[in-house]
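Observations on the model geometry
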Amino acid sequence: MKEFAHKEGKPRCHCGVFGVFGHPEASVICYYGLQALQHRGQEAAGIVTSEWLEDKNKWRFNIQKGVGLVSDVFKDEKILREVLKGNSAIGHNRYSTTGSADNKSNIQPFVVNYKSGNLALGHNGNLTNYRSLRHKLQNEGTIFQSTSDSEILLHLAARSKHEDQILQIKEALDYVDGAYSIVMLTDESLIAARDSHGFRPLALGKVDGAYVVASETCAFDIIGAEYIRDIAPGEIVVIDRDVIATGEVKSLWISKRSPQVHHCIFEFVYFSRPDSKIFGINVDRVRRKLGKLLADIDPVIPQSPEDKVVIISVPDSSNTCTLGYVTESNKKGRNIRLELGLIRSHYVGRTFIQPQENHREIKVKMKYNTVKGVLNGRKVVIVDDSIVRGTTSKQLVKLIKEAGPKEVHFRVSCPPIKFPCYYGMDFPSSEELIANRFNGDIDAVRKELGVDSLSYLPIEKLLASAPTDDGRNYCTACFDGNYPVAIDPEASKNENDQ
Ligand code: SF4
């Protein structure tokens, strides 16, 4: 994750993963799953299937990967039906960072053929100690095919002295630190594993007698799968023919266990879809709660019947939070109105920028437009999920001001982001984060954005929005700098990968 690109001013996650075992249409199921997970990575996609070749008496892995959306990479149905044959599959959606976008060797799933057979991997997260491991392996002669941290898991498994492939994979996972929710495919099994902090989500489900795993449960809904449970932090789940026959999922545990779980709280704020259940909690519920709690922070209250206050969301990511905000405001009799003041285009194409033009402004205008009639002469409260660099927010405010509002107030459903993420979310370096550029001075950020007031949701209210009944904890490092997993000193360098 080490080079950062905020092409649209929002943090990006690196990936979405999906796996299926024991389904006659595994590739099609995987395709639909990846479609539902498209929001987790839009720059490349891939599917690998395992097929038994009766005439050759051996297993074969079939692979299709490419740059673009899932619908671009798999636009020819024949690829799914005639190339990607087999009853098991894994798939991956990838978001790549600057410079590596065109590096096709970084597109997952990665596949190797080695002494124990075929092995494929799809990874969501970031391995924090991979640089030191990579240097060690390179010094010992390992040749890497990509610049991704994920590839190291395949090399570590292949070097293991264990005969059993599952134990090889366990050994590989015991070497790495950081964040991973992974799906792996061997000739005859599907493996799903999650780091012991449980940074990224990973859920297990069932459809038509087959087992499925996915980054988010919205991928189950599209294929009619039933959610069974999450893969537990530190758990390695193995699905094979025995599991299909007995219904008893096999699991083992990585040896390096964290005493405390640290789910990424930002998955609730921005990244996961509101129709998903992650970490055992409905995202919609948490996001509404964020809005409800935000509504009580520095509320904008009409001063007279003529004083009209409208609330608008920055679609689509802050829609649910905004609903919570409005519900709470009206419950408290604040007489404010929800309006669709910003319209988002879902069909943003290329920009053709002249050197003298403001690239950011054109990008924002291509993506958003205002409904001027509902903003003109009103006090406008914008609810957004986060402010990262602040460049897009500033352009959005400028756009809204062109509609002639009386005042503009900005509300953010998380605390100021002050620290980079090393666990799979693509935040820029500290220097580029607006909260850091102004040394945490909220009023200076307010002035920079050009709004009448600016408020963030405090960290304790953010945590209160997603309570867990079993004492599980959250990672909040990008807000408070408390990194639950030590960072490889090399990790903060601007080396590009994944
Ligand atoms: S640093 Fe922030 S984005 Fe990264 S895992 Fe922690 S909470 Fe999530």
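Overview of the structure.

Analysis parameters
Residues numbered from 1 in each chain as written. Predicted model: local features only at pLDDT ≥ 70, side-chain atom pairs only at ≥ 80, totals over all residues. Heavy atoms only, no water. Buried < 20%, exposed > 50% of the residue type's maximum accessible area, 1.4 Å probe, protein only. Helix = DSSP H or I, 4+ residues; strand = E, 2+ residues; numbered from the N terminus. Contact = heavy atoms within 4.5 Å. Salt bridge = Lys/Arg side-chain N within 4 Å of Asp/Glu carboxyl O. Pairing = 2+ DSSP bridges. Right-handed = clockwise from strand over helix to strand, strands pointing away. Core = buried A, V, L, I, M, F, W, Y, C linked by side-chain atoms within 4.5 Å. 1 Å grid on protein atoms, 1.4 Å probe; cavity = no way out; pocket = protein on both sides within 12 Å on 5 of 7 lines; lining within 4 Å. Points joined across faces, edges and corners; volume = space filled by probe spheres on them. Nonpolar A, V, L, I, M, F, W, Y, C, P; charged D, E, K, R; others polar. Axes fitted to C-alpha atoms, helices over the stretch in contact; angles between N-to-C directions. Parallel < 35°, antiparallel > 145°, perpendicular 65-115°, else oblique. Left-handed = near helix turned anticlockwise from the far one by under 90°. Phe/Tyr/Trp six-rings, centres within 6.5 Å; stacked < 30°, edge-to-face > 60°. Patch = residues over 30% accessible without salt bridge, like charges linked within 9 Å, V, L, I, M, F, W, Y side chains within 5 Å. Areas by Shrake-Rupley, 256 points an atom, 1.4 Å probe, with all protein chains shown as cover.

1. Considering helix α5 (residues 151-159)
Across the 9 residues of α5, 7 count as buried, placing the element largely inside the fold. Those residues of α5 that are buried are in contact with β6 (110-114), β7 (117-127), α4 (130-139), α6 (165-175) and β8 (178-186).

2. Considering the pattern of salt bridges
Inspection of the entire model under this criterion finds 32 salt bridges. Where E140 meets K136, a salt bridge forms, and the shortest distance between an N and an O atom there is 3.3 Å. On the accessibility criterion, E140 (43% relative accessible area) is partly exposed. Among the salt bridges present, the one from E267 reaches R200, with a minimum N-O distance of 2.8 Å. Here E267, found in helix α9 (residues 266-271), pairs with R200, found in the loop between β9 (190-194) and β10 (203-207); they are 67 residues apart in sequence, far enough to count as distant. Sharing partners across several salt bridges, the network here consists of D296, E328, K331, K332 and R334.

3. A word on the pairing of strand β23 (residues 407-412)
Of all the 6 residues making up β23, 5 are buried; the element is thus mostly covered by neighbouring parts of the structure. Relative to β23, strand β22 (residues 379-384) is paired through 6 bridges, and the arrangement is parallel. Counterpart to V383 in the pairing with β23 is R411. Tracing the backbone out of β22, into helix α14 (residues 391-401) and back to the parallel element β23 gives a crossover that is right-handed. When β23 meets strand β25 (residues 453-456), the two strands line up parallel, connected through 4 bridges. In the sheet register, H409 faces β25, and the bridge partner there is S453.

4. A few points about the nonpolar core
Among the nonpolar cores identified, the biggest contains 71 residues, and F266, F268, I382, F410 and L454 are the most heavily contacted of them. When residues in this core are grouped by element, the largest group, 6 residues, is from helix α10 (residues 283-295). Apart from residues no more than four positions distant in its own chain, F410 is found in contact with I382, D384, I387, S393, V397, L449, V451, S453, L454 and S455.

5. Topic: the layout of surface pockets
In this structure, the second largest pocket spans a volume of roughly 220 Å³. Residue lining of the second largest pocket: 13 residues in total, with F21, W59, N87, S88 and R241 positioned closest to the centre. Every element with two or more residues in the lining of the second largest pocket is listed here: β3 (44-53) and α8 (241-246). At 3 residues, the largest contribution of residues to the lining of the second largest pocket is made by β3. Residues belonging to the lining of the second largest pocket are distributed by class as follows: 4 nonpolar, 5 polar and 4 charged.

6. Observations concerning the packing of α4 against α5
Where α4 meets α5, the closest approach of the two axes is 11 Å, and the angle between their N-to-C directions is 50°. What the angle tells us is that α4 and α5 run oblique. Between α4 and α5 lies a crossing of left-handed hand. Residue-level contacts link Y130, L133, R134 and L137 of α4 to I152, H155, L156 and R159 of α5. Each residue belonging to the contact of α4 with α5 can be placed in one class, and the counts come to 5 nonpolar, 1 polar and 2 charged.

7. Quick look at helix α1 (residues 26-36)
Summarising burial for α1: 9 of the 11 residues are buried, a large majority. Of the residues making up α1, those classed as buried are A26, S27, V28, I29, C30, Y31, G33, L34 and A36.

8. Describing the sheet that holds strand β14 (residues 250-253)
The strand order across the open sheet built from 6 strands is β6-β7-β8-β9-β13-β14, with neighbouring strands paired in antiparallel fashion. Where the open sheet ends on each side, the last strands, each with one partner, are β6 and β14. Here the strands of the sheet are splayed against their neighbours by 20° on average, with no regard to which way each runs. Two strands pair when backbone bridges link them, and strand β13 (residues 235-239) and β14 are joined in this way by 4 bridges, in the antiparallel orientation. In the sheet register, E235 faces β14, and the bridge partner there is W253. Helix-sheet contacts for α6 involve β6, β7, β8, β9, β13 and β14, and the interaxial angle to β8 is about 165°.

9. Quick look at the packing of aromatic side chains
A complete count under the given rule lists 11 aromatic pairs for this structure. Taking the centre distance of 5.6 Å and the plane angle of 65° together, the rings of Y270 and F271 count as edge-to-face. Accessibility expressed as a relative area gives 16% for Y270, which makes it buried. Plain terms: the ring middles of Y422 and Y483 are 5.4 Å apart, the flat faces sit at 55° to each other, and that makes the pair tilted. Taken as a pair, Y422 in the loop between β23 and β24 (425-426) and Y483 in the segment after α18 (477-480) lie far apart in primary sequence, 61 residues in all. Through pairs of rings, three or more aromatic residues link up here, namely F199, Y422, Y423 and Y483.

10. With respect to the environment of A477
Position of A477 among the secondary structure elements: in helix α18. Taking the C-alpha atoms as reference points, A477 and H359, separated by 118 residues in sequence, lie 31 Å from one another. In contact with A477, not counting residues within four places along its chain, are F419, N482, Y483 and P484.

11. Topic: a nonpolar patch on the surface
Taken together, the side chains of L340, I343 and V371 present a nonpolar region at the surface, about 270 Å² in accessible area. Locating V371 in the fold gives a position in the loop between β21 (368-370) and α13 (372-375). Look at V371 and you get partly exposed, because its relative accessible area is 31%.

12. Here's the deal with the sheet that holds β25
The 5 strands are arranged β19-β18-β22-β23-β25 in an open sheet whose pairing can be described as parallel. Across the chains shown, the open sheet's two edge strands, defined by having one partner strand only, are β19 (337-338) and β25. Of the strands in this sheet, β18 (309-313), β22 and β23 touch α14, which is tilted by about 150° from β23. Contacting β23 and β25, helix α16 (residues 442-449) runs over the sheet at an angle of about 125° to β25.

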